[in-house]
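Chain by chain, the residues run as shown.
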Amino acid sequence: MSAKVNNATAANRVPNGGKRDGEQISDRYLFGMLSTFLRPFWKELLLIFFMLIGVTIFSLLPPYLTQRAVDGPIQNGDLQGLIPYGVVYLLAVIGLFILRFAHTFLLQNVGQNALVDLRQALFEHIIRQDMRFFNNTPVGQIVSRMSNDIEALTELLSTSIVIVASNLVTLVGIILVMFAINWQLALLGLAVLPIMIVSTVYFRRKIRQQSDLFHRVVAEYLAFINEQFGGMLVVQLFGRQSVSRKEFETINRNYRDVHMHIRDLYTVYASILQILTTVGLALVLYGGGQGVLAGWATLGMLISFIQYTRRTFEPIMQLSEQFTQIQTALSAGERIARMLKVKSEIVDTDTPVDIKSFRQAIEFDHVVFGYDPDSPVLKDVSIKIEPGQKVAIVGATGAGKTSLAGLLARFYDVQSGRVLIDGVDIRQISLNNLRHYISVVPQSPYCFNGTIADNLKLFDPMITHEQMVAAAEAAKAAPFIERLVGGYDYMLLPGGANLSQGQRQLLALARALIHSPKSVLVLDEATSSVDTETEALIQEGLTRVLKGRTSLIIAHRLSTVRDADRILVMQQGQIVEDGDHTTLLTKNGLYAQLYQRQFAEVETTPRLAVSEPS
Ligand SMILES: Nc1ncnc2c1ncn2[C@@H]1O[C@H](COP(=O)(O)OP(=O)(O)OP(=O)(O)O)[C@@H](O)[C@H]1O
Ligand SMILES: [Mg+2]
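From a predicted model like this one, the values you see are computed outputs, not experimental measurements.

**Student:** Can you walk me through the overall build of the protein in this structure?
**Tutor:** Broken down by element type, the protein carries 20 helices and 10 strands. Computed over the C-alpha atoms, the radius of gyration of the protein is 35 Å, more than 25% above the 25 Å expected from 2.2 N^0.38 for a compact globule of 614 residues. The principal-axis extents of the C-alpha atoms in the protein amount to approximately 120 × 50 × 50 Å. Burial analysis of the protein (614 residues in total) assigns 46% to the buried set. In the protein, the share of contacts with a sequence separation of at least 24, taken over all contacts with a separation of at least 6, comes to 77%. Averaging the coordinates of the 55 positive side-chain charges in the protein and doing the same for the 55 negative ones gives two points 5 Å apart.

Printed below as a string of structure tokens:
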């Protein structure tokens, strides 16, 4: 069977509706989601269903043949007459084997392929989420959705469903056959069934609750080790090992306790089923024995009913064995469904516009914004930036500079007011188009697993080596790259751990120059970690690259912004000063103060003097 993966449409098949996270997921929604992904395979599923009926018939045949053989040829001593029964019995067993194999194989295929689509849809859904989602969702949680939870669903769709479906069909089949043969014996054999169903429903709920709890404990466990190992430097630096060990002990015990509780529940449930099965068999034997003596049943019937009765309980036992698995899978499915229900707030409108080029102005029009709506970090910001301007934003830590840049690239939406490009509200512009025009070099750049070249080109094969080298040279990253063993093929450790902070910044800068050659460039402290000499060189290089290009430069080191066309000074979410270096110095306000303070530092720290004014 071919894998019916359709990347473009997989994400669109996510059921709609629902608000942001934290919502309860109903079973109906959950099964809706699963069936959405199973629907493309309806033909295979139909075939599997018919196979299941075949399986049921073949598995119901042997007891019936036994009954006929006992009541017929065996009682009559007719050895010759026994042969056809033997042959049909054998054929039924072979047929059963073949059908079981075929339908298990087919269903495994369907399960795996449906999950390829689900995984794809989940991935596509997550990468479209806004920054708020990523701020609020630990990466470990997303990883867990994409790995453990999907894995649990795989198990459900490819194995558990086979067992559940075939057992349910078998159960119905057995009950029908039993009533058809002898209703009195059927009633005796099935007398304990209601108690079984009630206890199954009861334990189903219990185990599900516990497996939800178990998942939370596992998540806590994973988050803890993730954080501890990630922050090992701090843990060891401050001698926190013993505190960590104690904390881990608690989590570890919790883990075991919940696990054991689930196992206990399961053991009790399995024992109850065992006892009920035995009671059912005893009833058949006792009542059936009387029936044989009284003449309302035959010996063959009694023998076949003992087999049938045992087989009634078999599916229920098997279902119970699948129990933990199914519960785990359903909880996992619920968590996946919940994640799929989260809606990104930053999305294109129904009729997004594309801007062709930026000609008139970027405008912040009375912008108010807060990560938490009740405490704004940008309070009524209005600025207008002309094309080709080099605008600097300075201000204290936490003043809102990064937030301002984030609004321009639309990582967040304004709470009130507007951000406009050439008079068009950026919420009207298609996100792809917007981000093509606004290129942000973030404060703490990220390095992907790969070579320097991979990180510069971002795995884009269309970018030539020459383009890459030119950008690296403009960003002054080339000298350090060339000194590395292998140069552009130098392999980075996870997170770029084998580069210095400043080198990572140079890479990020070069990356932005490669990918957005014409965009508005936003540098958020892009060179804060490089030495002043390199920074001065970058300044020089950038002046050439940025000629005629609009740029927004956020910086703490005022030396880097002196030559900007305009300097905006931010304080507690507001623009308090706006003008060029000389104007602001004459104004003798906040900027002048900041500048004088840094200038004083420079005089006492000759090392920094390179890029400072003489
Ligand atoms: N993701 C976030 N969620 C909630 N609050 C945030 C988030 N990012 C920033 N803030 C808050 O917003 C305010 C402004 O932060 P912002 O990052 O814009 O400051 P900044 O001027 O860039 O500071 P710095 O110079 O240190 O980079 C801060 O008070 C900060 O606590
Ligand atoms: Mg910042």
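What follows continues from the structure just given.
**Student:** For this particular structure, what's the right way to read the coordination of the magnesium ion (ligand 2)?
**Tutor:** When a metal carries six donors in an octahedron, the ideal angles between them are 90 or 180 degrees, while four donors in a tetrahedron ideally lie at 109.5 degrees. In this structure, Thr402 (OG1) and Gln443 (OE1) serve as the protein donors to the magnesium ion (ligand 2), at separations of 1.8 to 2.5 Å. Here Gln443 lies in the loop between β6 (438-441) and α14 (452-457) and Thr402 lies in helix α12 (residues 401-408), a separation of 41 residues in the sequence.

**Student:** How should I be thinking about the packing of aromatic side chains in this particular structure?
**Tutor:** Given two aromatic rings, one states the distance between the centres and the angle between the planes to describe the pair. Applying the stated rule across the entire model yields 15 aromatic pairs. Each residue in the set Phe214, Tyr221, Phe224, Phe248 and Tyr255 is aromatic and connected to the rest through ring pairs, giving one cluster. Between Lys341 and the ring centre of Tyr29, over which it is positioned, the NZ or CZ distance is 4.4 Å.

**Student:** Sorry if this is basic, but what is going on with the environment of Leu513 here?
**Tutor:** Topologically, Leu513 is positioned in helix α17 (residues 501-515). Sequence spacing of Leu513 and Ala471 is 42 residues, and the spatial spacing of their C-alpha atoms is 5.8 Å. Setting aside its immediate chain neighbours within four residues, Leu513 contacts Ala471, Ala474, Ala475, Leu521, Leu542, Val545 and Arg549.

**Student:** How should a nonpolar patch on the surface be read in this particular structure?
**Tutor:** A contiguous nonpolar patch, built from Ile83, Val87, Leu90, Leu91, Ile94, Phe97 and Ile98 and spanning about 720 Å² of accessible area, is present on the exposed surface. Along the chain, the position of Ile83 falls in helix α4 (residues 79-127). By relative accessible area, which is 47% here, Ile83 ends up partly exposed.

**Student:** What am I meant to see in the site of ligand 1 here?
**Tutor:** Taken together, 14 residues sit near ligand 1, with Gly398, Lys401, Thr402, Ser403 and Gln443 positioned nearest. Measuring from an oxygen atom of ligand 1, one finds a side-chain N or O atom of Lys401 at 2.7 Å. Here ligand 1 has 630 Å² of accessible area as a free molecule, and 63% of this is covered by the chains. Considering every element that reaches the shell around ligand 1, the biggest residue donor is α12, with 3 residues.

**Student:** Could you clarify how one ought to interpret the domain arrangement of the protein in this entry?
**Tutor:** It is common to give the size of an interface as the accessible area that goes away when the parts come together. For the protein, the domain assignment lists domain 1 (11-341) and domain 2 (362-611). A straight line from the C-alpha centre of domain 1 to that of domain 2 covers 55 Å. Taken residue by residue, the interface counts 4 residues in domain 1 and 5 residues in domain 2. Across the domain 1 to domain 2 interface the summed buried area is about 360 Å²; carbon plus sulfur atoms make up 45%. If you look at where domain 1 meets domain 2, you find 0 salt bridges. Scanning the region where domain 1 abuts domain 2 turns up 2 residue pairs in polar contact (both at pLDDT 80 or more). In the side of domain 1 that touches domain 2, the residues fall into 1 nonpolar, 1 polar and 2 charged.

**Student:** Can you walk me through the sheet that holds strand β1 (residues 362-369) in this structure?
**Tutor:** Strand pairing in a sheet relies on backbone hydrogen bonds, with the paired strands running either antiparallel or parallel. In spatial order, the strands read β2-β1-β4-β5; together these 4 strands make up an open sheet with antiparallel pairing. What marks the edges here is a single partner per strand, and that holds for β2 (378-385) and β5 (424-425). Relative to β2, β1 is paired through 5 bridges, and the arrangement is antiparallel. Bridge pairing in β2 places Phe369 opposite Leu378.

Calculation notes
- Residues numbered from 1 in each chain as written.
- Chains lettered and ligands numbered in written order.
- Predicted model: local features only at pLDDT ≥ 70, side-chain atom pairs only at ≥ 80, totals over all residues.
- Heavy atoms only, no water.
- Helix = DSSP H or I, 4+ residues; strand = E, 2+ residues; numbered from the N terminus.
- Rg over C-alpha atoms; globule rule 2.2 N^0.38 Å.
- Buried < 20%, exposed > 50% of the residue type's maximum accessible area, 1.4 Å probe, protein only.
- Contact = heavy atoms within 4.5 Å.
- Lys, Arg positive; Asp, Glu negative; His and termini not counted.
- Charge placed at Lys NZ, Arg CZ, Asp CG, Glu CD.
- Donors = N, O, S within 2.8 Å, 3.2 Å for Na, K, Ca; no water.
- Phe/Tyr/Trp six-rings, centres within 6.5 Å; stacked < 30°, edge-to-face > 60°.
- Lys NZ or Arg CZ within 6 Å of the ring centre and 35° of its normal.
- Patch = residues over 30% accessible without salt bridge, like charges linked within 9 Å, V, L, I, M, F, W, Y side chains within 5 Å.
- Areas by Shrake-Rupley, 256 points an atom, 1.4 Å probe, with all protein chains shown as cover.
- Salt bridge = Lys/Arg side-chain N within 4 Å of Asp/Glu carboxyl O.
- Near = heavy atom within 4 Å.
- Polar contact = N/O pair within 3.5 Å; in protein donor to acceptor, adjacent residues only side chain to side chain.
- Domains from an automatic or database assignment.
- Buried area = accessible area lost by both parts, 1.4 Å probe.
- Nonpolar A, V, L, I, M, F, W, Y, C, P; charged D, E, K, R; others polar.
- Pairing = 2+ DSSP bridges.

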